[in-house]
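Fold and contact review
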Amino acid sequence: MSKLIISVAGKTTKEYRLNKERVHIGRKPGSDIQLDDATVSGQHAVVITILNDSFLEDMSSTNGTKVNGNPVKKCFLQQGDKIEIGKFFLTYIHEAQPSKDFERTVMLKPKTASAALPSSVSASAEPPPPPPPPPRPADQSAAGIKLLSGPGAGRQLSIVKNLTTLGKPGVQVAVISRRPQGFFIAHVDGEKPPLLNGMAIGFQVSPLRHNDILELAGIKMQFFVNQVGN
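The rules behind the values
- Residues numbered from 1 in each chain as written.
- Predicted model: local features only at pLDDT ≥ 70, side-chain atom pairs only at ≥ 80, totals over all residues.
- Heavy atoms only, no water.
- Helix = DSSP H or I, 4+ residues; strand = E, 2+ residues; numbered from the N terminus.
- Buried < 20%, exposed > 50% of the residue type's maximum accessible area, 1.4 Å probe, protein only.
- Contact = heavy atoms within 4.5 Å.
- Areas by Shrake-Rupley, 256 points an atom, 1.4 Å probe, with all protein chains shown as cover.
- Core = buried A, V, L, I, M, F, W, Y, C linked by side-chain atoms within 4.5 Å.
- Salt bridge = Lys/Arg side-chain N within 4 Å of Asp/Glu carboxyl O.
- Pairing = 2+ DSSP bridges.
- Lys, Arg positive; Asp, Glu negative; His and termini not counted.
- Polar contact = N/O pair within 3.5 Å; in protein donor to acceptor, adjacent residues only side chain to side chain.
- pLDDT = per-residue confidence, 0-100.

**Regarding the overall build of the protein**
The helix and strand inventory of the protein stands at zero helices and 22 strands. Per-residue burial over the protein gives 44% buried out of 230 residues. In the protein, the proportion of contacts linking residues at least 24 apart, taken out of those at least 6 apart, comes to 43%. About 12,200 Å² of surface is accessible on the protein, with carbon and sulfur atoms providing 53% of the total.

**Examining the nonpolar core**
Generally speaking, nonpolar side chains in soluble globular proteins are found buried as a group. Judged by nonpolar contacts, the single largest core of 21 residues is most densely connected at Leu-4, Leu-35, Leu-56 and Leu-90. Looking at which element gives the most residues to this core, the answer is strand 11 (residues 88-93), with three residues. Beyond its immediate stretch of four places on either side in the chain, Leu-35 contacts Ile-6, Ile-25, Gly-26, Arg-27, Val-40, Ile-85, Phe-88 and Leu-90. Among the nonpolar cores identified, the runner-up in size contains 20 residues, and Leu-147, Leu-214, Ile-219 and Val-225 belong to it.

**Description of the pattern of salt bridges**
Scanning the model with the defined rule gives five salt bridges in all. Put simply, Lys-3 and Glu-15 hold a salt bridge, and the shortest N to O gap is 3.4 Å. With a gap of 12 residues between them, Lys-3 in strand 1 (residues 3-8) and Glu-15 in strand 2 (residues 11-17) connect regions that are remote in the sequence. Of the residues examined, Lys-3 reaches a relative accessible area of 12% and is grouped as buried. One network of salt bridges, in which partners are shared, links Lys-3, Glu-15 and Arg-17.

**Quick word on the sheet that holds strand 6 (residues 53-58)**
Spatially, five strands are ordered 4-3-5-6-9 in an open sheet, and the strand pairing comes out mixed. Bordering the open sheet on either side are strand 4 (33-34) and strand 9 (74-76), each of which pairs with just one other strand. Note: strand 6 against strand 9, three bridges, orientation antiparallel. Bridged to Phe-55 within strand 9 is Phe-76.

**What to know about the side chain of Asp-212**
In this fold, Asp-212 is placed in the loop between strand 20 (206-208) and strand 21 (213-216). Buried charge without a salt bridge: Asp-212, with Arg-209 as the nearest opposite-charge side chain at an N-O distance of 5.3 Å. Only 2.7 Å separates the side chain of Asp-212 from the backbone nitrogen of Arg-209, close enough to count as a polar contact. Look past the residues within four positions of Asp-212 in its chain and what remains in contact with it is Leu-196, Asn-197, Pro-207, Met-221, Gln-222 and Phe-223.

**Description of the sheet that holds strand 13 (residues 143-147)**
A sheet is described by the order of its strands in space; here six strands give the open sequence 14-13-22-21-18-19, paired in antiparallel fashion. Of all strands in the sheet, those with a lone pairing partner are strand 14 (156-159) and strand 19 (199-200), marking the two edges. Where strand 18 (residues 195-196) lies against strand 19, two bridges are found, and the strand directions are antiparallel. Its bridge partner being in strand 19, Leu-196 is matched across the sheet by Met-199.

**Considering the pairing of strand 11**
For a regular strand, the rule is simple: side chains alternate between the two faces of the sheet. Buried residues dominate strand 11, accounting for five of its six residues. Pairing between strand 10 (residues 82-85) and strand 11: four bridges, direction antiparallel. When the sheet's bridge partners are listed, Glu-84 is paired in strand 11 with Phe-89. The turn linking strand 10 back onto strand 11 is made up of two residues, and Gly-86 within it adopts a positive phi angle of 60°.

**Looking at the confidence of the model for the protein**
The predicted model of the protein has a mean per-residue pLDDT of 77, with 76% of residues at 70 or higher. No element of the protein has a lower mean pLDDT than strand 12 (residues 106-107), which averages 52, and none a higher one than strand 10, which averages 95. Taken together, the stretch residues 133-140 has pLDDT below 50 and engages in six contacts with residues farther than four places along the chain or on a different chain.

Right under this line is the structure:
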């Protein structure tokens, strides 16, 4: 389980475990992490944790939020990142072991891109991942996405892992998580959230259903369950 270590003027004051999906940070007494100082907004930021990964989102705070000295609205947190909120520093410590079910990030190029899924998996020095496991029974949610627009229209990506990240950093990024209750999508980067059936998903985790239409980073795609991919 990951945690945040709080420090002021170089002195550690407390640490908080990220033991639920959304951990709210702010000056108000009801905050999960209360930072009692005038430099902190009542509802300043939130940390969203899905499986082993955490994302930071500034909640339109007055003085803003920085990570490693850079202002951010939304960002993926990595080991040792220092979040600056007012006079407080929150160091992100990632304690979870890498999950065998973690899906590599799939980068969607904007409308005119020539690359298409799944060949546009983000670059890595590591060798390609092994082939996906044998298909699961129907009730275990064999699922995927099919591109409906762009040069890769018609191509499909199977979703067999617990976490699949889609999009283009700095434009739009969303994560699809596979849970016992089904599949869910959450907005994690970019000023505008993706569209689900024509409606912005906002900043909440939204359930996905068979034949839902997603619009993300200029690409329209269809989510499907219990169908055989090409």
